[in-house]
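Overview (structure and organization)
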Amino acid sequence: MSTQNPVFIPGPTNIPDSVRKACDMPTLDHRSPAFARLFRPAVEGVRRVLRMEEGEIIVIPSTGTGGWEAAITNTLSPGDTVLAARFGMFSHRWIDLCQRHKLDVEIIETPWGEGAPLAALARVLRADKTGHIKAVLATHNETATGVKSDIAGIRAVLDAAAHPAMLFVDGVSSIGSMPFDFAGWGVDIAVAGSQKGFMLPAGLAILGLSPKAIMAMETARLPRTYFDFKDMLAAYARGGYPYTPAVGLIAGLAHSIDLLESEGLEAVYARHHRLAEGVRRAVFAWGMTPYAASAELYSDTVTAVKVPEGCDGTALVQLAASKYGMAFGVGLGEVAGKVFRIGHLGMLTEAMMLSGLSVAEMCMADLGWPVRLGSGVAAAQEYYRGTVPALAQAAE
Ligand SMILES: *Cc1c(COP(=O)(O)O)cnc(C)c1O
């Protein structure tokens, strides 16, 4: 018997069978027209998911972290200043990457559990009269704390300060699961990965570039070879790649976007909101709270659950894995042990979500946490009962 359960980590996410099959294909000559026929729909699909109007899509055999590195090295030069707030492990790691590339990172230290601090960003940008800040880095969804930031708000702050900095957005754990508006928010680079909202195995960094970001490549002097967008765009123009593409994953990407669009992106976002809200109802019923500091910051793809004093979030994650064969996320960095994380993105239904909540509850009971079995599950059930839409007739 298989003991395969859905995973409830905030990436990699559960892979639909049809996506797995779409990735499984015979070898194909990536310099042939057959590859171009496969690649183009994937790129056009990403463009729609990001809501891009102008600009280019880049798909690199890599992961989200490689996407960050590509964004930075293609657009900036050693010694350039970038502005970033640090409020979790992922915003931290992006800052670290910039520092290792000898960029001067102006860091706004922000308590974990908060999101991008608009007022502080506005102050720094207004004070930068000479425009020495070249880019603002924003983590749309901080996966370590389950916090969503207001990217439209950052764009408004840049515009109000009439600041020319580019806006780079890490959307690795939001794109494809939460509304994203590349054109509307004036994003210059968006970074996604294949293994979260796109429900694929890890292996692709997916980026959207604005015309301004593409222009910045002309003067950017950070070294890059494998990640050079210029090579990539030149090869694209000929329908190919500067090196061997991850053909199976690209086929899977086109299919996963078909799945998202046949459900309807708005319906996908609504489903993620519903899944998340059910999880939050369960968390409150357990007498706990999300780590996110306030309701408007709640992420619809991951909830970091603050555990009661004297309880260890990591112990719950370990027990869930060893006893029940179910994966939750541990707390990272300064919240290690203080939270455990429930991923609720990708291929998930309310029924699957209830199985995750019920296993989390069993672990709490096993560990002697002060939680009544069934309390969180019942709160989520009540919410899902009243909100789940009827399945479409044609659904398979
Ligand atoms: C997962 C994640 C990353 C890292 O992506 P990898 O694909 O693991 O390299 C970066 N940022 C955020 C917000 C993430 O959730």
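Parameters at a glance
Residues numbered from 1 in each chain as written. Predicted model: local features only at pLDDT ≥ 70, side-chain atom pairs only at ≥ 80, totals over all residues. Heavy atoms only, no water. Near = heavy atom within 4 Å. Polar contact = N/O pair within 3.5 Å; in protein donor to acceptor, adjacent residues only side chain to side chain. Helix = DSSP H or I, 4+ residues; strand = E, 2+ residues; numbered from the N terminus. Nonpolar A, V, L, I, M, F, W, Y, C, P; charged D, E, K, R; others polar. Buried < 20%, exposed > 50% of the residue type's maximum accessible area, 1.4 Å probe, protein only. Contact = heavy atoms within 4.5 Å. Pairing = 2+ DSSP bridges. Phe/Tyr/Trp six-rings, centres within 6.5 Å; stacked < 30°, edge-to-face > 60°. Lys NZ or Arg CZ within 6 Å of the ring centre and 35° of its normal. Salt bridge = Lys/Arg side-chain N within 4 Å of Asp/Glu carboxyl O. Domains from an automatic or database assignment. Buried area = accessible area lost by both parts, 1.4 Å probe. Expected span 1.5 Å × (residues − 1). Arc of directions from axis to C-beta. Axes fitted to C-alpha atoms, helices over the stretch in contact; angles between N-to-C directions.

**Things to note about the site of the ligand**
The environment of the ligand is made up of Thr-63, Gly-64, Thr-65, Trp-68, Phe-90, Asn-141, Thr-143, Asp-170, Val-172, Ser-173, Gln-195 and Lys-196. Here Thr-63 contributes a side-chain N or O atom positioned 2.5 Å from an oxygen atom of the ligand. Looking at the shell around the ligand, the element that brings in the most residues is helix 3 (residues 64-75), giving three residues. Partitioning the shell around the ligand into residue classes produces three nonpolar, seven polar and two charged.

**Examining the side chain of His-344**
Mapped onto the elements, His-344 comes out in the loop between strand 13 (339-343) and helix 12 (350-366). By relative accessible area, which is 0% here, His-344 ends up buried. Within the structure, the side chain of His-344 is placed 2.7 Å from the side chain of Thr-303, a separation counted as a polar contact. Setting aside anything within four residues of it in sequence, one finds His-344 in contact with His-272, Leu-275, Ala-276, Val-279, Ser-299, Asp-300, Thr-301, Val-302, Thr-303 and Met-353.

**Side note on the sheet that holds strand 12 (residues 329-330)**
Taken together, four strands build an open sheet; the order of strands is 10-11-13-12 and the sheet is antiparallel. Across the chains shown, the open sheet's two edge strands, defined by having one partner strand only, are strand 10 (289-290) and strand 12. Pairing of strand 10 with strand 11 (residues 302-306) involves two bridges; the strand directions are antiparallel. From the neighbouring strand, Thr-289 faces strand 11, where its bridge partner is Lys-306.

**Notes on the packing of aromatic side chains**
Scanning the entire structure with this criterion turns up 13 aromatic pairs. Here Phe-39 and Tyr-241 contribute two aromatic rings whose centre-to-centre distance is 5.4 Å and whose plane-to-plane angle is 70°, an arrangement assigned as edge-to-face. Separated by 202 residues along the polypeptide, Phe-39 in helix 2 (residues 33-50) and Tyr-241 in the loop between helix 8 (229-237) and helix 9 (247-263) bring together distant segments of the chain. Ring geometry for Tyr-236 and Tyr-241: centres 6.0 Å apart, planes at 50°, overall tilted. Relative accessible area serves as the criterion here: at 4%, Tyr-241 is assigned to the buried category. An aromatic cluster is defined as three or more aromatic residues linked by ring pairs; in this entry it consists of Phe-35, Phe-39, Tyr-226, Phe-227, Tyr-236, Tyr-241 and Tyr-243. Lying over the aromatic face of Phe-90, Lys-196 brings its terminal NZ or CZ to 5.5 Å of the ring centre.

**Section: the pattern of salt bridges**
It is possible for side chains of opposite charge to pair when their charged atoms get near one another. All told, the structure shown has 16 salt bridges when counted by the stated rule. In this structure, Asp-96 and Arg-100 form a salt bridge, with 2.8 Å as the shortest nitrogen-oxygen distance. Remark: Arg-100 and Asp-96 occur in helix 4 (residues 89-100); sequence separation between them is four residues, near one turn of the helix. What makes Asp-96 partly exposed here is its relative accessible area of 23%. Arg-155 is paired through a salt bridge with Asp-159; the nearest N and O atoms lie 3.0 Å apart. With Arg-155 and Asp-159 both in helix 6 (residues 151-160), this residue pair falls four residues apart, about one helical turn.

**Some details on the domain arrangement of the protein**
Frequently, the measure chosen for interface size is the accessible area removed from exposure when the parts meet. Here the domain parsing of the protein yields domain 1 (17-261) and domain 2 (264-395). Just the C-alpha atoms count here: the centres of domain 1 and domain 2 sit 28 Å apart. With 26 residues of domain 1 at the contact, the number on the domain 2 side is 24 residues. Where domain 1 abuts domain 2, roughly 2,100 Å² becomes buried across the two surfaces, and 63% of that area is made up of carbon and sulfur atoms. Among the residues domain 1 hides against domain 2, the three largest losses belong to Trp-112, Lys-148 and Ser-177. Together they make up 26% of the total. In this assembly, domain 1 and domain 2 are joined by zero salt bridges. Inspection of the region where domain 1 meets domain 2 yields ten residue pairs in polar contact (both at pLDDT 80 or more).

**Quick look at the pairing of strand 1 (residues 56-61)**
The element strand 1 is largely enclosed, with a buried count of five among its six residues. Across six bridges, strand 1 lies against strand 9 (residues 204-209) in antiparallel orientation. Looking at strand 9, one finds that Ile-60 is bridged to Ala-205.

**Points about helix 11 (residues 313-324)**
Compared with the 16 Å implied by 1.5 Å per residue over twelve residues, the 16 Å span of helix 11 between its first and last C-alpha is a close match. Listed as buried for helix 11 are Gly-313, Leu-316, Val-317, Leu-319 and Ala-320. Taken end-on, helix 11 shows its buried residues confined to a sector of 165°, consistent with a single buried face. Across helix 11 from its buried face, at more than 90 degrees, point the exposed residues Gln-318 and Ser-322. Two or three places before Thr-314, at the opening of helix 11, Asp-312 has a side-chain oxygen 3.0 Å from that residue's backbone nitrogen. Just beyond helix 11, the residue with positive phi is Gly-325, at close to 65°.

**Regarding helix 5 (residues 118-127)**
Regarding helix 5, the residues found buried are Ala-120, Leu-121, Ala-122, Val-124 and Leu-125. Those residues of helix 5 that are buried are in contact with strand 2 (81-86), strand 3 (104-109), strand 4 (133-139) and helix 6.

**Examining the sheet that holds strand 8 (residues 189-193)**
In spatial order, the strands read 1-9-8-7-4-2-3; together these seven strands make up an open sheet with mixed pairing. For this open sheet the edge positions go to strand 1 and strand 3, each flanked by a neighbour on one side alone. Within the sheet, the average angular offset between the axes of one strand and its neighbour, ignoring direction, is 20°. In this sheet, strand 9 lies alongside strand 8 in antiparallel orientation, the contact comprising five bridges. Along strand 9, the bridge assignment pairs Ala-192 with Ile-206. Packing of helix 6 onto the sheet brings it into contact with strand 4 and strand 7 (166-170), and relative to strand 7 it is tilted by some 165°. Across the sheet, helix 8 is in contact with strand 1 and strand 9; its angle to strand 1 comes to roughly 105°.

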